[in-house]
Amino acid sequence: LKPIFSASSISSASLRPFLLSKSLLLNTFAAMLGRTAQSTRASGLVAFAGGRTLTTFPQINPKTGKVFKEYTEMPEEEINQIITDASSAFQEWRKVSPSNRINIMSALADKLRNRKEEAAELMQMEMGKPVAQGIAEVEKCAYLVDWYSKNGHDFLNDTPYPTLPGFSKSYVTYQPLGVIFAIMPWNFPMWQAVRMGVPTLMAGNAVMLKHAPNCFGSALLLEDMMKEIPDLPQGLFRSIIADIPATTHIMENDLVQGMAFTGSEVAGRKIASKAGSLLKKCVIELGGSDAYAVLKDADLDLAAAAVVNARMTNGGQVCCAPKRVIVDKSVKAAFEEKVVEKVAEKKYGKDYGPLVHKKGAEDVAKQVRTSISEGAKLLIGGADIDPPTEDCGGAFFPPTVLTDVKPGMECFDHEVFGPVLAIVEAESEEEAIKLANQSHYGLGAGIFTKDTAHGEAIAKTELQAGMAFVNDSVRSDPSLPFGGVKSSGLGRECASFGMLEFVNIKTMCIK
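Residues numbered from 1 in each chain as written. Predicted model: local features only at pLDDT ≥ 70, side-chain atom pairs only at ≥ 80, totals over all residues. Heavy atoms only, no water.

Chemist: Where do I start with helix α5 (residues 116-127) in this structure?
Modeler: Between the first and last C-alpha of α5 there are 16 Å, a value that for twelve residues agrees with the 16 Å anticipated at 1.5 Å per step. Buried within α5 we find Lys116, Ala119, Ala120, Leu122, Met123, Glu126 and Met127. Relative to the axis of α5, the buried residues are bounded by an arc of 165° and lie together on one face. Gly128 occupies a position one or two residues after α5 and carries a positive phi of about 90°. (Helix = DSSP H or I, 4+ residues; strand = E, 2+ residues; numbered from the N terminus. Expected span 1.5 Å × (residues − 1). Buried < 20%, exposed > 50% of the residue type's maximum accessible area, 1.4 Å probe, protein only. Arc of directions from axis to C-beta.)

Chemist: Quick question: what am I supposed to make of the layout of surface pockets here?
Modeler: To find leftover empty space, a probe the size of one water molecule is rolled over the atoms. The computed volume of the largest pocket comes to approximately 610 Å³. Contributing to the lining of the largest pocket are 25 residues, with Lys140, Phe188, Thr313, Val318 and Arg475 lying nearest its centre. Elements that contribute at least two residues to the lining of the largest pocket include exactly α6 (131-156), α7 (191-202) and α11 (300-312). Ranked by the residues each element gives to the lining of the largest pocket, the list is headed by α6, at four residues. Counted by class, the lining of the largest pocket contains eleven nonpolar, seven polar and seven charged residues. (1 Å grid on protein atoms, 1.4 Å probe; cavity = no way out; pocket = protein on both sides within 12 Å on 5 of 7 lines; lining within 4 Å. Points joined across faces, edges and corners; volume = space filled by probe spheres on them. Nonpolar A, V, L, I, M, F, W, Y, C, P; charged D, E, K, R; others polar.)

Chemist: What's the story with the packing of helix α9 (residues 244-252) against helix α10 (residues 265-278) in this structure? I'm lost.
Modeler: Two quantities define a packed helix pair, namely the angle between the axes and the distance from one axis to the other. Relative to each other, α9 and α10 sit at 30°, their axes nearing to 10 Å. Between α9 and α10, the angle is such that the two are roughly parallel. At the point where α9 passes α10, the crossing takes the right-handed sense. Along the contact surface, α9 presents Thr247, Thr248, Met251 and Glu252, while α10 presents Ile271, Lys274, Ala275 and Leu278. Partitioned by chemical class, the residues of the contact of α9 with α10 number four nonpolar, two polar and two charged. (Axes fitted to C-alpha atoms, helices over the stretch in contact; angles between N-to-C directions. Parallel < 35°, antiparallel > 145°, perpendicular 65-115°, else oblique. Left-handed = near helix turned anticlockwise from the far one by under 90°. Contact = heavy atoms within 4.5 Å.)

Chemist: Would you mind going over empty space enclosed by the protein with me for this structure?
Modeler: Taken as a whole, this structure holds five cavities of 30 Å³ or more when the rule is applied. Space inside the largest cavity adds up to approximately 90 Å³. Forming the walls of the largest cavity are 15 residues, and the residues nearest its centre are Arg324, Ala436, Tyr441, Gly444 and Gln464. For the lining of the largest cavity, the secondary structure elements donating two or more residues are β11 (290-294), β16 (441-442) and β17 (444-448). Considered class by class, the residues forming the lining of the largest cavity number six nonpolar, six polar and three charged. Counted as a void, the second largest cavity has a volume near 70 Å³. Every residue along the wall of the second largest cavity is listed here: Arg195, Met196, Pro199, Thr200, Val283, Arg492, Glu493, Cys494, Gly498, Glu501 and Phe502. Grouping the amino acids of the lining of the second largest cavity by side-chain chemistry returns five nonpolar, two polar and four charged.

Chemist: Can you walk me through the packing of α5 against α6 in this structure?
Modeler: Viewed as axis vectors pointing N to C, α5 and α6 meet at an angle of 125°, and their least axial separation amounts to 8 Å. Taken together, the axes of α5 and α6 lie oblique to each other. Helix-helix and strand crossings are classified by hand; for α5 and α6 the assignment is right-handed. On α6, the residues that touch Lys116, Glu117, Ala119, Ala120, Glu121, Met123 and Gln124 of α5 are Val131, Gly134, Ile135, Glu137, Val138 and Glu139. Across the contact of α5 with α6, the residue classes tally to six nonpolar, two polar and five charged.

Chemist: Explain the pairing of strand β12 (residues 322-328) here, please?
Modeler: Here is the key point about a regular strand: its side chains alternate between the two faces of the sheet. Within β12, seven of the seven residues are buried, leaving the element largely enclosed by the surrounding structure. Note: β11 against β12, five bridges, orientation parallel. Residue pairing across strands places Ala291 opposite Arg324, the latter belonging to β12. The handedness of the β11 to β12 crossover, carried by α11, is right-handed. In this sheet, strand β15 (residues 420-426) lies alongside β12 in parallel orientation, the contact comprising five bridges. The residue of β15 that forms the bridge with Val325 is Ile423. (Pairing = 2+ DSSP bridges. Right-handed = clockwise from strand over helix to strand, strands pointing away.)

Shown next as structure tokens:
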């Protein structure tokens, strides 16, 4: 199988989570993907009939560094059969009315709530997320199911349009495409899959999920919940245990009609390029180096609390977290003091845990050390803090704040996927806006000011991002579209936009 990646695509600029595994390929692509997990490395190859080999995927607990489970890659024949079965299930599912599809899928909410502790404990072992945050993630997944169960009917109803002369009626109908292939990252093992999968299934499609190799357990748990839903065709949602070469094979299968990808910028460009060559729809959610502007009239207590909470949750491994805070010079010192106080209050095991793996912690430490060598000042945390005694997996990195960060420094120019906040000084409001936009990413942005109308005007017309929040932190919610501009991706998830990404918007004219 011809991989979609090549050695010529290697770039150290990519700092988003992705899914690498086979030892040979890992060495080739590690620089490209930046945060390749120790937990995503394959421990060996298992021979099987036909002379091919299968990759094994050890599941490594980042807190202990120990393997707690191991998965073996599915053979090509099994993957092909899964695709065929998914297509057959789709043919049955597409004939169910949109309202009935949504009503059937609504049962997933209770499945998620009933197994939230199980899912949260598994996520903690897979990627280090504190259990309380894992429970909140699963509850958010259930909320998404509830929200689409209430609102999705309206999105999938036919839309009347002006009738053409000589016709009795014209309208647009939304018909499903078929089997959609989803490649999801490890930072939100349940939310990422549910956010993409549920509205896509409700719209009438089948979904095949290839999760990050350290989150195959979460993928299989979600599949198990789907299998328990009454009247949902078996095989409509399946989790694939596969390595990188299989990705190309799956995308090229004629039964696969679209791709959804969340991961590194470089890999996302390759996926989008491959999808384009196949003329298949794709939704791509990539990195972010989100900037929040704190103006001189901002409520500094509000701003500091919002920024710190958003940056440090999930170990800082959040695509839409505030990586850079652009602060007016006149309030910078006061803001720094409040931020350091808030960071010092964060407790290991409750507010943050280990990063996803040892390599991730090493990468963040390197970025912090590089930024300091370039002139940034360390206010709290840093790469030389010893881990708690209960954290012996080598993946610990403490909440960290750098200040006097400037363009050209590592922590300004590149996304840092860990609990590191970079404070940047601005001489004026105009410079703050300029600095906020000085990134090739454009996922989220925020602004803090007591003049709400003025902040709204700036956020609406001046901040180059797919999402802009005033006086609070950016977050995803089922009721609002999620996605970015520039190098942060293509398409949208959530709200009506997410439900209609993988449908045929069909024009109907009746004479």
